[in-house]
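# Reading the structure
Each chain is listed here by its residues.
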Amino acid sequence: DTEVTQTPKHLVMGMTNKKSLKCEQHMGHRAMYWYKQKAKKPPELMFVYSYEKLSINESVPSRFSPECPNSSLLNLHLHALQPEDSALYLCASSQGAGTYEQYFGPGTRLTVT
Amino acid sequence: AQSVAQPEDQVNVAEGNPLTVKCTYSVSGNPYLFWYVQYPNRGLQFLLKYITGDNLVKGSYGFEAEFNKSQTSFHLKKPSALVSDSALYFCAVRTLSGTYKYIFGTGTRLKVLA
């Protein structure tokens, strides 16, 4: 199974809402990532978890809160978002760093109204 | 500063013709180079990578890429394009064995015309 799944596929939320994005992989990968991607732009790294510990936080605003409950699951908790946070949010996983490629999920299309 | 450049925003090619999507890099140290493809409203799919060894790397869906150290390039190629190859292509590089971060290129939209 070389699949990364993400739910929901689409999410519309108001600026006062709290919602969560979910990501799952069953490839035994020990690194998991959150990216934000705007239209026709490359993905921007937000967070990296390595062995279930937060390894990288790319100075992401605190209204985004990641969580890694176990080695297969990655969540992104959203609160008090701004319209400019509307984007495609991609989850990815890899066996490790360096030479290992990443496997991406299909993404969650987030719209903040 | 380390960077990756994809000089063409869009490449158009007729179906059945060979295609090339260009990527050049500027990094210190040995580069680990990757190509990904993204179809509309989908995540990125890994195509191929160069780590070391043979300069010609073969990947998924008939794609290959040639690593050229003297020209600091890693162009993606395919001998015969398909309409279904139309997508957004990203080149990416890592420079350290322990790093999780990519430096992504800006992406090249490939349009294969029937």
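Since the model is a prediction, treat every value here as computed from it, not as a measurement. (Residues numbered from 1 in each chain as written. Chains lettered and ligands numbered in written order. Predicted model: local features only at pLDDT ≥ 70, side-chain atom pairs only at ≥ 80, totals over all residues. Heavy atoms only, no water.)

## A word on the interface of chain B and chain A
How big an interface is tends to be expressed through the accessible area that disappears when the partners come together. Applicable threshold: Only heavy atoms enter the contact rule, under which two residues are in contact if any of them lie within 4.5 Å. As used here, buried area is the combined drop in accessible area, with a 1.4 Å probe, of two parts when they are placed together. Definition used for salt bridges: Asp or Glu carboxyl oxygen within 4 Å of a side-chain nitrogen of Lys or Arg. Note on conventions: DSSP H or I runs of at least 4 residues are helices, E runs of at least 2 residues are strands, and numbering of each starts at the N terminus. Each residue is assigned to one class: nonpolar for Ala, Val, Leu, Ile, Met, Phe, Trp, Tyr, Cys and Pro, charged for Asp, Glu, Lys and Arg, and polar for all the others, Gly among them.
The interface is formed by 25 residues belonging to chain B together with 27 residues belonging to chain A. Summed over both sides, the interface of chain B with chain A buries roughly 2000 Å², with 59% coming from carbon and sulfur. Of all residues in chain B, the largest losses of buried area upon contact with chain A belong to Leu-44, Tyr-100 and Lys-101 of chain B, amounting jointly to 32% of the total for that side. The partner of Glu-101 of chain A in a salt bridge is Lys-49 of chain B, and the shortest N-O contact between them spans 2.7 Å. Among the elements that take part in the side of chain B that touches chain A, strand β5 (residues 32–38) of chain B stands out by supplying four residues, more than any other. Across the side of chain B that touches chain A, the residue classes tally to 12 nonpolar, eight polar and five charged.

## Some remarks on the sheet that holds strand β1 (residues 4–7) of chain A
Residue and element names in this part refer to chain A. Just so we agree on the cut-off: Two strands pair under a simple rule: DSSP has to find at least two bridges between them. Here an axis means a line fitted to C-alpha atoms, over the contact stretch when the element is a helix, while the angle between two N-to-C directions is reported on a 0 to 180 degree scale.
Pairing within the open sheet is antiparallel, and its four strands lie in the order β1-β3-β8-β7. The outermost strands of the open sheet, each flanked by one partner alone, are β1 and β7 (64–70). Across the sheet, the mean angle separating the axes of adjacent strands is 20° when strand polarity is ignored. By the bridge criterion, four bridges tie β1 to strand β3 (residues 18–25) in an arrangement that is antiparallel. Its bridge partner being in β3, Val-4 is matched across the sheet by Gln-25.

## A word on the side chain of Lys-78 of chain B
Residues and elements named next belong to chain B. Counted only if it meets this: Between N or O atoms, a polar contact is any pair within 3.5 Å; within protein, one atom must be a potential hydrogen donor and the other a potential acceptor, and residues adjacent in sequence are included only when both atoms are from side chains.
Assignment of secondary structure puts Lys-78 in strand β9 (residues 73–78). At 3.2 Å, the side chain of Lys-78 forms a polar contact with the backbone oxygen of Tyr-61. Once you skip the residues sitting within four places of it in the chain, Lys-78 turns out to touch Pro-18, Leu-19, Tyr-61, Gly-62, Phe-63 and Asp-85.

## Here we look at the packing of aromatic side chains
Basically, it comes down to this: Any pair of Phe, Tyr and Trp rings, taking the six-membered ring for Trp, is counted once the centres come within 6.5 Å. Such a pair is stacked with planes under 30 degrees apart, edge-to-face with planes over 60 apart, and tilted for the rest. Throughout this description, buried means an accessible area under 20% of the type-specific maximum (1.4 Å probe, protein chains only), exposed means over 50%, and partly exposed covers the range between. Here, over-ring charges are defined by two tests on the NZ atom of lysine or the CZ atom of arginine: distance to the ring centre within 6 Å, and angle to the ring normal within 35 degrees.
Within the structure shown, the criterion is met by 16 aromatic pairs over all chains. For the ring pair Phe-104 of chain A and Tyr-36 of chain B, a centre distance of 5.7 Å and an interplane angle of 80° mean the geometry is edge-to-face. Pair noted here: Phe-104 of chain A is in strand β10 (residues 103–104) and Tyr-36 of chain B is in strand β5, and the two residues belong to different chains. Its relative accessible area of 11% is what places Phe-104 of chain A among the buried residues. Pairwise contacts between aromatic rings join Tyr-33, Tyr-35 and Phe-104 of chain A together with Phe-34, Tyr-36, Phe-46, Phe-90, Tyr-100, Tyr-102 and Phe-104 of chain B into one cluster. A cation sits over an aromatic face here: Arg-94 of chain B above Tyr-102 of chain B, 4.3 Å from the ring centre.

## Structural notes on the environment of Phe-63 of chain B
Residue and element names in this part refer to chain B. Inspection of the secondary structure puts Phe-63 in the loop between β7 (56–58) and β8 (64–68). Once the C-alpha coordinates of Phe-63 and Asp-85 are considered, the two residues, 22 residues apart in sequence, prove to be 9.9 Å apart. What Phe-63 contacts, discounting residues up to four positions off in sequence, is Leu-19, Leu-47, Leu-48, Val-57, Lys-58, Leu-76, Lys-77, Lys-78, Asp-85 and Tyr-89.

## Digging into the state of the cysteines
Residues and elements named next belong to chain A. Note the following rule: Cysteine sulfurs are considered disulfide-paired once they come within 2.5 Å of each other.
Under the defined criterion, the tally for this structure stands at two disulfides over all chains. Residue pairing for Cys-23: its cysteine sulfur links by disulfide to Cys-91, the two sulfurs lying 1.9 Å apart. Its S-S torsion of approximately -70° makes the covalent link between Cys-23 and Cys-91 left-handed. On the criterion of sequence distance, the pair formed by Cys-23 in strand β3 and Cys-91 in strand β9 (residues 87–94) is long-range, its members being 68 residues apart. Residue Cys-23 shares its accessibility class with Cys-91, and that shared class is buried.

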